[in-house]
Amino acid sequence: MGINIGIDIANSPKAPCRELRTTVIRIHAGSEHMDLMDRDLVVPLERAKGAVDDWEAFLKRNRLNPEIDSVYLEKIKKKEDLELLTPLADAVPTGWITVSGLPDGDRDMVLGSVKGDVVTGWDMLSFDEMESMCSSCPLSWDKGRGCIGAFGPDNSLLPEIADRHGCPIVASVPESVRTSRIFPVDDAGELLRECGVLTEALPQEGKMMVRRYNGPVERMTAAAKAAIEGDCGFYFF
């Protein structure tokens, strides 16, 4: 298992993706607020088979898996099949609520009471759109590839080395991962100091340690500078 470095970009006033990352589009509500829940139109398997003349041809023309146990209308590609099955469909709750289109009162109630997984505006972007935004972002500290980079494996010796050389933030990386700690922006300057200490200390630990850990120290340096520039915290995960 690997450990990564990130900056708290969602809380940076300078991040162009901030609004997208903090705008909730959908939230998984489980069994809560069923009346507001999105629904799929689904035809039970036997009901669908009874309505279709040639089941194998139906599966083929709609590119459906022969192992399906029900028919989701959103998967139907042929207009005539959709028209045939729509009157037979049940509206089945998905577990998700699209909050972006709810009235203000309902939206605030759902966001305040549901603790499930969320889909944000950022999640709705295509990979190419994400890459384009990251490549032009001033806070994309990992050589223009984004605001997340590798610290190393979870058995890295770097925290142990950091502890010996008086670098408490880097020494605490495994614990901060375990507790999901987010370091405030005020600690970014201290992380920079520690990276300077470690750059000088690694040669004392041997050539192997230099080869193994120079990269993580350089990435932590870049992340700390980006956190300061972005006026946001940083974290390890």
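Quick note: structure is the one above.
Bear in mind that the values here come from a model prediction, so they are computed numbers and not experimental data. (Residues numbered from 1 in each chain as written. Predicted model: local features only at pLDDT ≥ 70, side-chain atom pairs only at ≥ 80, totals over all residues. Heavy atoms only, no water.)

**Q** What is the right way to look at the overall build of the protein in this model?
**A** In terms of helices and strands, the protein carries eleven helices and ten strands. Since a compact globule built from 237 residues should have a radius of gyration of about 18 Å, the 25 Å found for the protein marks it as more spread out than a globular shape. In terms of overall dimensions, the protein has a C-alpha envelope of 80 × 45 × 30 Å along the principal axes. In the protein, buried positions account for 37% of the 237 residues. Taking contacts inside the protein between residues at least 6 apart in sequence as the whole, the part at least 24 apart equals 73%. (Helix = DSSP H or I, 4+ residues; strand = E, 2+ residues; numbered from the N terminus. Rg over C-alpha atoms; globule rule 2.2 N^0.38 Å. Buried < 20%, exposed > 50% of the residue type's maximum accessible area, 1.4 Å probe, protein only. Contact = heavy atoms within 4.5 Å.)

**Q** Explain the packing of aromatic side chains here, please?
**A** The relation between two aromatic rings is expressed through the spacing of the ring centres and the mutual angle of the planes. With the rule as written, the count across this model stands at six aromatic pairs. Measuring from centroid to centroid gives 6.2 Å for F234 and F236, while their planes differ by 90 degrees, and the two rings are edge-to-face. No difference in accessibility class separates F234 from F236, as the two residues are buried. Among the aromatic residues, those joined into a cluster by ring pairs are F151, F183, F234 and F236. (Phe/Tyr/Trp six-rings, centres within 6.5 Å; stacked < 30°, edge-to-face > 60°.)

**Q** When you look at unusual backbone geometry in this model, what are you seeing that I'm missing?
**A** Most peptide bonds are trans, and most residues other than glycine sit at a negative phi. Although it is not a glycine, H33 sits at a positive phi angle of roughly 55 degrees. Summarising the element assignment, H33 is placed in the loop between β2 (24–28) and β3 (39–44). The residue D231 is not glycine, and still its phi comes out positive at about 55 degrees. With respect to the helices and strands, D231 occurs in the loop between α11 (207–230) and β10 (234–236).

**Q** In this structure, what is going on with the nonpolar core? I would like to understand it.
**A** Most often, soluble globular proteins have nonpolar side chains that are buried together. Of all hydrophobic cores here, the largest spans 38 residues; its most connected members are I7, F151, L158, M220, F234 and F236. Every element with two or more residues in this core is listed here: β1 (2–7), α7 (158–164), α8 (168–171), α9 (173–179), α10 (186–205), α11 and β10. Not counting residues up to four positions away in its chain, the partners in contact with I7 are L139, W141, C147, A223, A226, A227, C232, G233, F234 and Y235. Residues V52, F58, L59 and L85 belong to the second largest nonpolar core, which totals 13 residues. (Core = buried A, V, L, I, M, F, W, Y, C linked by side-chain atoms within 4.5 Å.)

**Q** I tried to follow the sheet that holds strand β6 (residues 96–98) on my own but got confused; where do I start?
**A** Two pairing modes exist for strands in a sheet, parallel and antiparallel, and in both the strands are linked by backbone hydrogen bonds. Across the sheet, three strands lie side by side as β6-β2-β7; this open sheet has antiparallel pairing. Strands at the two margins of the open sheet, each flanked by one partner only, are β6 and β7 (118–120). For this sheet the average axis-to-axis angle between neighbouring strands, irrespective of direction, equals 15 degrees. (Pairing = 2+ DSSP bridges. Axes fitted to C-alpha atoms, helices over the stretch in contact; angles between N-to-C directions.)

**Q** Even after reading the chapter, I still don't get the pairing of β2, so can you show me in this structure?
**A** Look at any regular strand and the pattern is simple: side chains alternate between the two faces of the sheet. Sheet analysis places β2 next to β7, joined by three bridges and oriented antiparallel. Within β7, the position partnered with V24 by the bridge is T120. Alignment of β2 against β6, held across three bridges, turns out to be antiparallel. Residue pairing in the sheet places R26 in a bridge with T98 of β6.

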